[in-house]
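The residues making up each chain are set out below.
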Amino acid sequence: SAVTRNPDHGRLSPFTTNSLGLRGPEVSATKPPDVYRVICLGDETTAAPCCSDSQTYCRRLQEYLQTRTARTVEVVNAGVPGYSIFQGWRLLESRGFDFEPDLVVITFGWNSISLWDERGDLEHYGAWRASRPPPLLRWSRLAEIAWSPSREEPRLDARSGPKRLRLTPEEDRAVLEEVGNACRARGVALLVVVWPIPQNLVAEPGTETPANRLAVQENARAFGRSLEFVPGRPGAVVDLVDVARALFPRHGLSGLFQDHVHGTVLANEAYAHAIADEIDPWLVWSLTR
């Protein structure tokens, strides 16, 4: 295959989480005064199980941002392997805003286009909500046990039944809008990151040219461009596909990817720089507010 990489790459490393269940050092659930807090929501590319904590783009991003302001910058790594943008949105709504972020960075895409079972993420969520007792009865474990069997829809065998995308392109766009609405309602800045994959750089076997961008990558880029990150400066997106393409001639796939999606230490460093460059004007603007 044209996209085969070094077999020594992509080895998953066990990593610990802090007391809040997040990768990285301990953080206070309440934001300390005079701190810029950035929360990075993402999937395995953000959690980065193939790297040490110091090599994740989140940790490097914190270090780069800290050199650009006298205020303390804290970057919270809220990446969860396997998450789609839908799960990232639910995490943001249920826990993310509790961290009082000044800025939310989202990096999703790969898992949204994977095949799960006969239901998409929204359908799974709807079935789960339907299986729960009414709010007034949720305190009762007995009610929860009694309610679930009566509301749970029958499932097909996930291994043999029909499968569908976890999120269609239309569903993906709709969830991105929900994330934007949630941040806007709370006055929290939002930055979208488009993560690259090998197919953006090297053509799949049997094809002539690399994929420009997948539908989910195009969705993220278009959505980010529709936002206003800094007043008078339209756009709130970092397209790492372009960053990877600039690095590819010198470093090749093995220099940028540990497997089908995880970035190498070199790539994470370059991506952190690119994200920091986009955030820098926001930091300057924030100091003048």
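Anyway, here's the lowdown on the structure attached to this text. Not measured: the values here are computed from a predicted model.

Once that is clear, we can look at the overall build of the protein. Across its full length, the protein carries nine helices and seven strands. Taken across its 289 residues, the protein has 48% of its residues classed as buried. Entry remark: accessible area of the protein is about 14,000 Å², with carbon and sulfur atoms responsible for 54%.

Turning our attention to the packing of helix α2 (residues 57-66) against helix α9 (residues 265-288). With their axes 8 Å apart at the nearest point, α2 and α9 run at an angle of 45 degrees to one another. By the criterion of interaxial angle, the relationship of α2 to α9 is oblique. Judged by the twist between their axes, the crossing of α2 over α9 is right-handed. Every residue of α9 that contacts α2 at Y57, R60, L61, Y64 and L65 is listed here: N268, E269, A272, H273, I275, A276, I279 and L283. Within the contact of α2 with α9, the residues separate by chemical class into nine nonpolar, two polar and two charged.

Inspection of every chain in the model, using the stated rule, returns zero disulfides. With no disulfide of its own, C51 lies 6.4 Å from the sulfur of C50, the closest cysteine sulfur.

Turning next to the sheet that holds strand β7 (residues 237-239). Read from one edge to the other, the open sheet built from five strands follows the order β2-β1-β3-β4-β7, with strand pairing classed as parallel. Two strands bound the open sheet, and with one partner strand each, they are β2 (72-79) and β7. Strand-to-strand twist in this sheet, taken as the mean axis angle between neighbours without regard to direction, amounts to 20 degrees. Strand direction decides the pairing type here: strand β3 (residues 103-107) and strand β4 (residues 189-194), joined by four bridges, are parallel. Looking at the pairing, I106 lines up with V192 of β4. Of the strands in this sheet, β4 and β7 are in contact with helix α7 (residues 215-226), which crosses β4 at around 150 degrees.

To continue, consider the pairing of β3. Within β3, five of the five residues are buried, leaving the element largely enclosed by the surrounding structure. Burial along β3 is two-sided: L103, V105 and T107 facing one way and V104 and I106 facing the other are all buried. Pairing between strand β1 (residues 35-42) and β3: five bridges, direction parallel. In the strand pairing of β3, C40 is matched with V105.

Once that is clear, we can look at the packing of helix α3 (residues 85-94) against helix α4 (residues 121-130). Across the interface, α3 lies against α4 with an axial gap of 9 Å and an inter-helix angle of 45 degrees. The orientation of α3 relative to α4 falls into the category oblique. Residues F86, Q87 and R90 of α3 lie in contact with α4, whose contacting residues are D121, L122 and Y125.

Ranked by size, the top nonpolar core spans 70 residues in total, and within it I106 and I279 carry the most contacts. Sequence-distant contacts of I106, defined by excluding residues within four places in its chain, comprise L41, I85, L176, V179, L190, L191, V192 and V193.

This brings us to the packing of aromatic side chains. Counted under the stated rule, the structure contains six aromatic pairs. Ring centres 5.8 Å apart and planes at 70 degrees place the aromatic pair F86 and W89 in the edge-to-face group. Here the residue F86 and the residue W89 both occupy positions in helix α3, the gap between them amounting to three residues, near one helical turn. Here W89 falls in the buried class, since its relative accessible area comes to 13%. Both rings, one in F229 and one in W282, keep their centres 6.0 Å apart while their planes meet at 15 degrees; by these two values the pair is stacked. A residue pair is termed long-range when its members are at least 10 positions apart, and F229 in strand β5 (residues 228-230) and W282 in helix α9 qualify at 53 residues. In this structure an aromatic cluster arises from ring pairing among Y36, F229 and W282. In this structure, R71 packs its charged tip against the face of Y36, placed 4.4 Å from the ring centre. Looking at R90, its charged tip hangs above the ring of W89, at a distance of 4.8 Å from the centre.

Calculation criteria
- Residues numbered from 1 in each chain as written.
- Predicted model: local features only at pLDDT ≥ 70, side-chain atom pairs only at ≥ 80, totals over all residues.
- Heavy atoms only, no water.
- Helix = DSSP H or I, 4+ residues; strand = E, 2+ residues; numbered from the N terminus.
- Buried < 20%, exposed > 50% of the residue type's maximum accessible area, 1.4 Å probe, protein only.
- Areas by Shrake-Rupley, 256 points an atom, 1.4 Å probe, with all protein chains shown as cover.
- Axes fitted to C-alpha atoms, helices over the stretch in contact; angles between N-to-C directions.
- Parallel < 35°, antiparallel > 145°, perpendicular 65-115°, else oblique.
- Left-handed = near helix turned anticlockwise from the far one by under 90°.
- Contact = heavy atoms within 4.5 Å.
- Nonpolar A, V, L, I, M, F, W, Y, C, P; charged D, E, K, R; others polar.
- Disulfide = S-S within 2.5 Å.
- Pairing = 2+ DSSP bridges.
- Core = buried A, V, L, I, M, F, W, Y, C linked by side-chain atoms within 4.5 Å.
- Phe/Tyr/Trp six-rings, centres within 6.5 Å; stacked < 30°, edge-to-face > 60°.
- Lys NZ or Arg CZ within 6 Å of the ring centre and 35° of its normal.

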